[in-house]
Amino acid sequence: MEKEAHSEQYHTLREKGTEAPFTGKLLSNKEDGNYMCAACGAKLFKSGQKFDSGSGWPSFYDVATKGAVKLQEDNSLGMKRLEIVCSNCGGHLGHLFYDAPEQPTGMRYCVNSAALDFKKESAEPN
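Scoring rules and cut-offs
Sequence order as written defines the numbering, with residues in each chain counted from 1. Totals for whole chains, interfaces and linings use every residue, but because this is a predicted model, local features are given only for residues with pLDDT of at least 70 and side-chain atom pairs only at 80 or more, for both listing and counting. Think of the side-chain values as coming from all heavy atoms in the structure, minus any hydrogens and water. A strand pair is defined by DSSP finding two or more bridges across the two strands. Under the scheme used here, helices are H or I runs from DSSP no shorter than 4 residues and strands are E runs no shorter than 2 residues, and both carry numbers assigned from the N terminus. A fitted line through C-alpha atoms represents every axis, and for helices the fit uses only the stretch in contact; the resulting angles, taken between N-to-C directions, go from 0 to 180 degrees.

**Q** What is the right way to read the pairing of strand 2 (residues 43-46) from this model?
**A** Side-chain positions along a regular strand alternate between the two faces of the sheet. The pairing of strand 1 (residues 33-37) with strand 2 spans three bridges and is antiparallel. Pairing of M36 across the sheet is with K43, part of strand 2. Hairpin connection from strand 1 to strand 2: five residues lie between these consecutive antiparallel strands, with G41 at a positive phi of about 85 degrees.

**Q** I keep staring at the sheet that holds strand 2 and nothing clicks. Help me out?
**A** Reading across from one edge, 2-1-9 is the order of the three strands in this open sheet, with antiparallel pairing throughout. Sheet topology places strand 2 and strand 9 (116-120) at the edges, where each strand pairs with a single neighbour. Adjacent strand axes in the sheet meet at a mean angle of 30 degrees, parallel and antiparallel pairs treated alike. Alignment of strand 1 against strand 9, held across five bridges, turns out to be antiparallel. Bridging across to strand 9, C37 finds its partner in L116.

And the structure:
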């Protein structure tokens, strides 16, 4: 099973693959923490920026810090889209859409769970 998960990560991050909708391990995650690039560990998104878009992939209305991701034109599959890649390692994360008017930015960073690791926030000592 570990080999399958690794294979899906490689396919997503390096071959620009896409996991099937509603199958990603982080789709329903509601814990507090940060979403990191599964390839290099760079911090990409915060849990407070995640929302349920109904699309079948984890969706975020903004990035953790300016410059965390890069956008590049993607004309594959006969569509014009904006691909999201990790600024640090260039790993493919997903695509950006401007179809979330109910969110503060109006943007939906649609990200593959296979491209992400989740780091839960630890409670601060008293």
